[in-house]
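For reference, the chains in residue letters:
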Amino acid sequence: MREDETLTALIIIGSILLILLCALTLFGFLAFKRSFSRKIYEGEQFDAAVKKVGKRPYYKEYAKGIYWFRDFKDKEEVTIQSRDGLKLHGYYFTNPDSNGRVMIMCHGYRSFPWFDFSSSAKDCLERGFDLLFITERTHCESEGKYISFGIKEKYDLMDWIDFVIKKQGSNAKIILSGVSMGSSIIMFALGENLPHNVKGAVCDCGFDSPKSVIGFALIKVFKFKHLAKFVSNFVSFASFIILGKFLGSENTRKSLSKCKIPVMIAHGKADDVVPYEMSVKNYNYLKGEKLFVSSEKAAHGLVYYYERDEYLKNLDKLIEICGLSNDN
């Protein structure tokens, strides 16, 4: 091949690679905008949550719990301001027998607190806790343009913890409870220097990092695991440009190795949203007291329904380990 032909071939190859790089970068930004922006649910939000249930397993229990949440009399709407100036909204359920014991409930991606805790919340209330249901940034009444899959939300959670301590005083004793992305928010926060008032955590079907779960979701688009993982780098780059953080900047390997409080992990093996193996890794990262509730049949966020007795048995054990049972 002559020198001019070689140069032409290199130019063609370079042009193709440049076009491919630009296309993938554009895809990364479009995927970010599509996946990280607020989802608008039409109509009254409790009805919207029931509609979201559809005909999934246990849909009747979901609907009953959603309207129980709506009609609960002793609840207070509360707000805080995030560190970057957003007004964040929550609901505080008061239990006259709580004696400073509070569960902070963190819902999942594009969900509602009254959806993810539609049934389990009542069990927690019956165990003598006040309940604070936070509405995460870019969800429902809370302000925000983009969801950050726990990168910024972990700091919001830390501010909600401070809110509870101010409300309850030094007597506050807190358990954190999250489902899906809410679980990951908690796990990322567990690597921070949390107040001694935080006694334990329940982490249900959480992912190990935003980048990993985005890569898993992209398998449905690109079909091949390694290709999806590669393309997730471009979504991560978009996150860096828009949010100032790469998606891999938070991971549970880093945070859970620093965790000093008891943690209960739950996950279903039929989960096709967050792989079950992520919770196995999260469990193994923990060095302290820990519990694991699994289910062969449960899909995403459904372990409580499929394994209710086992779930509550382990929750009671966690509460006892934390020294927060009713007889303490």
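See the structure printed just above.
Just so we're clear, the structure is a prediction, and the values are computed from it rather than from any experiment. (Residues numbered from 1 in each chain as written. Predicted model: local features only at pLDDT ≥ 70, side-chain atom pairs only at ≥ 80, totals over all residues. Heavy atoms only, no water.)

## With respect to helix H9 (residues 225-243)
Owing to its 3.6 residues per turn, the α-helix aligns residues three or four sequence positions apart on the same side. With 19 residues, H9 extends 26 Å between its outermost C-alpha atoms, agreeing within 8% with the 27 Å of an ideal straight helix rising 1.5 Å per residue. Inspection of H9 places Ala-228, Val-231, Ser-232, Phe-234, Val-235, Ser-236, Ala-238, Ser-239 and Leu-243 among the buried residues, and these make up the whole buried set. Where H9 terminates, the next one or two residues include Gly-244, which has phi positive at roughly 85°. (Helix = DSSP H or I, 4+ residues; strand = E, 2+ residues; numbered from the N terminus. Expected span 1.5 Å × (residues − 1). Buried < 20%, exposed > 50% of the residue type's maximum accessible area, 1.4 Å probe, protein only.)

## Concerning unusual backbone geometry
You will see that Tyr-58, though not glycine, has its phi angle at about 65°, which is positive. Within the chain, Lys-223 stands out as a residue other than glycine whose phi angle is a positive 70°. Along the chain, Lys-223 falls in the loop between helix H8 (210-222) and H9. For Lys-223, a relative accessible area of 61% corresponds to the exposed category.

## Things to note about the layout of surface pockets
If you add up the space inside the largest pocket, you get close to 900 Å³. Lining the largest pocket are 37 residues, and of these Tyr-109, Arg-110, Phe-149, Ala-217 and Val-273 lie nearest its centre. For the lining of the largest pocket, the secondary structure elements donating two or more residues are helix H1 (3-36), helix H4 (113-116) and H8. Per element, the largest residue contribution to the lining of the largest pocket is 7 residues, and it comes from H8. Of the residues contributing to the lining of the largest pocket, the split by class is 23 nonpolar, 6 polar and 8 charged. (1 Å grid on protein atoms, 1.4 Å probe; cavity = no way out; pocket = protein on both sides within 12 Å on 5 of 7 lines; lining within 4 Å. Points joined across faces, edges and corners; volume = space filled by probe spheres on them. Nonpolar A, V, L, I, M, F, W, Y, C, P; charged D, E, K, R; others polar.)

## Let's talk about the pairing of strand S4 (residues 130-135)
It is a general feature of regular strands that their side chains alternate between the two faces of the sheet. Most of S4 is tucked away: 6 of the 6 residues are buried. Side-chain alternation along S4 places Asp-130, Leu-132 and Ile-134 on one buried face and Leu-131, Phe-133 and Thr-135 on a second face that is also buried. By the bridge criterion, 5 bridges tie strand S2 (residues 87-93) to S4 in an arrangement that is antiparallel. For Gly-90, the partnering residue across the bridge sits in S4 and is Ile-134. (Pairing = 2+ DSSP bridges.)

## Here's the deal with the nonpolar core
Within soluble globular proteins, side chains that are nonpolar generally end up buried alongside one another. By size, the foremost hydrophobic cluster in this structure holds 59 residues, and its most contacted members are Ile-104, Leu-132, Leu-157, Ile-161, Leu-176 and Leu-190. Residue contributions to this core peak at 7 residues, all from helix H6 (residues 153-168). If we skip the residues at most four places from it in the chain, Ile-104 touches Leu-132, Ile-134, Leu-157, Trp-160, Ile-161, Val-164, Ile-174, Ile-175, Leu-176 and Ser-177. Core analysis: the second largest hydrophobic core is formed by 43 residues, Leu-125, Cys-205, Met-264 and Leu-302 among them. (Core = buried A, V, L, I, M, F, W, Y, C linked by side-chain atoms within 4.5 Å. Contact = heavy atoms within 4.5 Å.)

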